[in-house]
Amino acid sequence: EEEAGMITPGSIMQYHGHSIERSRKHIFLRPHALLRPYISNYMITCPDTMAGEQVILPTASSTLVFSVNPGGITGGLRGVNTEAVRIGQYASRFSLLLLIEFYPGGLYPFTRIPQKELADHSFAFAEIDSNLDSRIREALEICSEIEALTGQLDKLFLHRLQGQELNPAYQEDFWRIK
């Protein structure tokens, strides 16, 4: 049984805002403009029908993966993949996945962990950053609409950039929206 307030497959169908790509079971969304040098996209998917043969190809990006099942929400971090990884059987066990895909090196401003230390490994995100992990899990628990969830994610990541050295091209705009 789904918790009240949580994103559901129906939330994906009810969303009529801009998306990069969408189907009945998944949606790719852009983060706030000031986060785009770091975060490629937010993906929300209901993977219960995902093929067991589903594979992630080698990639130079790191991904936060929040998995929802009746037992709760688990946050994980997948580092850069230098080899293909089969994920279908694992992913299909969950009712919902939230993936936050970073550009190469884009995770660093938020965690201060060099990308090379994450290569070909998965981590419990709470062990890397317990505060951000709990805030993202909380947003997943309370947001029933996609706009609300992406808004919360944007706020969390923008807050993390405060006081960080930003790309100078974005720094002036960042402080203007604050």
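Residues numbered from 1 in each chain as written. Predicted model: local features only at pLDDT ≥ 70, side-chain atom pairs only at ≥ 80, totals over all residues. Heavy atoms only, no water.

Asks: Give me the nonpolar core: which residues, what numbers.
Replies: Of all hydrophobic cores here, the largest spans 38 residues; its most connected members are Ile44, Leu64, Ile100, Ile136 and Phe157. At the level of secondary structure, the elements contributing two or more residues to this core comprise strand S2 (26-29), strand S3 (39-45), strand S5 (63-69), strand S6 (72-78), strand S8 (96-102), helix H5 (130-142) and helix H6 (146-161). With seven residues, H6 is the largest single contributor of residues to this core. (Core = buried A, V, L, I, M, F, W, Y, C linked by side-chain atoms within 4.5 Å. Buried < 20%, exposed > 50% of the residue type's maximum accessible area, 1.4 Å probe, protein only. Helix = DSSP H or I, 4+ residues; strand = E, 2+ residues; numbered from the N terminus.)

Asks: Explain H5 to me, using residue names and the numbers behind them.
Replies: Relative to the 18 Å expected for 13 residues at 1.5 Å per residue, H5 spans 18 Å between its end C-alpha atoms, a close match to the ideal helical length. Among all positions of H5, only Leu132, Asp133, Ile136, Ala139 and Leu140 are buried. Buried residues along H5 cover an arc of 130 degrees about the axis, so they all sit on one side. The inward-facing, buried residues of H5 abut S5, S6, S8, helix H4 (125-128) and H6. (Expected span 1.5 Å × (residues − 1). Arc of directions from axis to C-beta. Contact = heavy atoms within 4.5 Å.)

Asks: Summarise the packing of aromatic side chains; cite the residues concerned and give the values.
Replies: Applying the stated criterion across every chain yields a total of five aromatic pairs. Plain terms: the ring middles of tyrosine 38 and phenylalanine 110 are 5.9 Å apart, the flat faces sit at 85 degrees to each other, and that makes the pair edge-to-face. Of this pair, tyrosine 38 sits in the loop between S2 and S3 while phenylalanine 110 sits in helix H3 (residues 108-111), and the two are 72 residues apart along the sequence. For tyrosine 38, a relative accessible area of 9% translates into the label buried. On the basis of relative accessible area, phenylalanine 110 is assigned to the buried category, the value being 4%. An angle of 85 degrees between the planes, with centres 6.3 Å apart, marks the rings of phenylalanine 66 and phenylalanine 125 as edge-to-face. Separated by 59 residues along the polypeptide, phenylalanine 66 in strand S5 and phenylalanine 125 in helix H4 bring together distant segments of the chain. By the burial criterion, phenylalanine 66 is buried, and phenylalanine 125 matches it. Site record: aromatic cluster; members linked through ring pairs are Tyr38, Phe102, Phe110 and Phe157. (Phe/Tyr/Trp six-rings, centres within 6.5 Å; stacked < 30°, edge-to-face > 60°.)

Asks: How would you explain the environment of cysteine 143 if you had to name every residue and give the values?
Replies: Mapping cysteine 143 onto the fold places it in the loop between H5 and H6. A sequence separation of 137 residues divides cysteine 143 from methionine 6, and the C-alpha atoms of the two residues are 5.4 Å apart.

Asks: Run through the packing of H5 against H6, naming residues and quoting values.
Replies: Two numbers describe how H5 lies on H6: the axes approach to 9 Å, and their chain directions differ by 165 degrees. When the interaxial angle is binned, H5 and H6 end up roughly antiparallel. As for how H5 packs across H6, the hand of that crossing is right-handed. For the pair H5 and H6, the contacting residues are Asn131, Leu132, Arg135, Ile136, Ala139 and Leu140 in the first and Leu149, Gln152, Leu153, Leu156, Phe157 and Arg160 in the second. In terms of residue class, the contact of H5 with H6 is built from eight nonpolar, two polar and two charged. (Axes fitted to C-alpha atoms, helices over the stretch in contact; angles between N-to-C directions. Parallel < 35°, antiparallel > 145°, perpendicular 65-115°, else oblique. Left-handed = near helix turned anticlockwise from the far one by under 90°. Nonpolar A, V, L, I, M, F, W, Y, C, P; charged D, E, K, R; others polar.)

Asks: Let's hear about the pattern of salt bridges: which residues, and what values?
Replies: If charged atoms from side chains of opposite charge come close, those side chains can pair. Scanning all chains against the criterion turns up two salt bridges. When the shortest N-O distance is used, the salt bridge between aspartate 129 and arginine 160 registers 2.5 Å. Highlighted residues: aspartate 129 in the loop between H4 and H5 and arginine 160 in helix H6, separated in sequence by 31 residues. Taken as a pair, aspartate 129 and arginine 160 share a single burial class, namely buried. As a salt-bridge pair, aspartate 133 and arginine 137 come within 2.8 Å of each other at their nearest N and O atoms. Highlighted residues: aspartate 133 and arginine 137, both in helix H5, separated by four residues, approximately one helical turn. Exposure remark for arginine 137: the relative accessible area of 24% places this residue in the partly exposed category. (Salt bridge = Lys/Arg side-chain N within 4 Å of Asp/Glu carboxyl O.)

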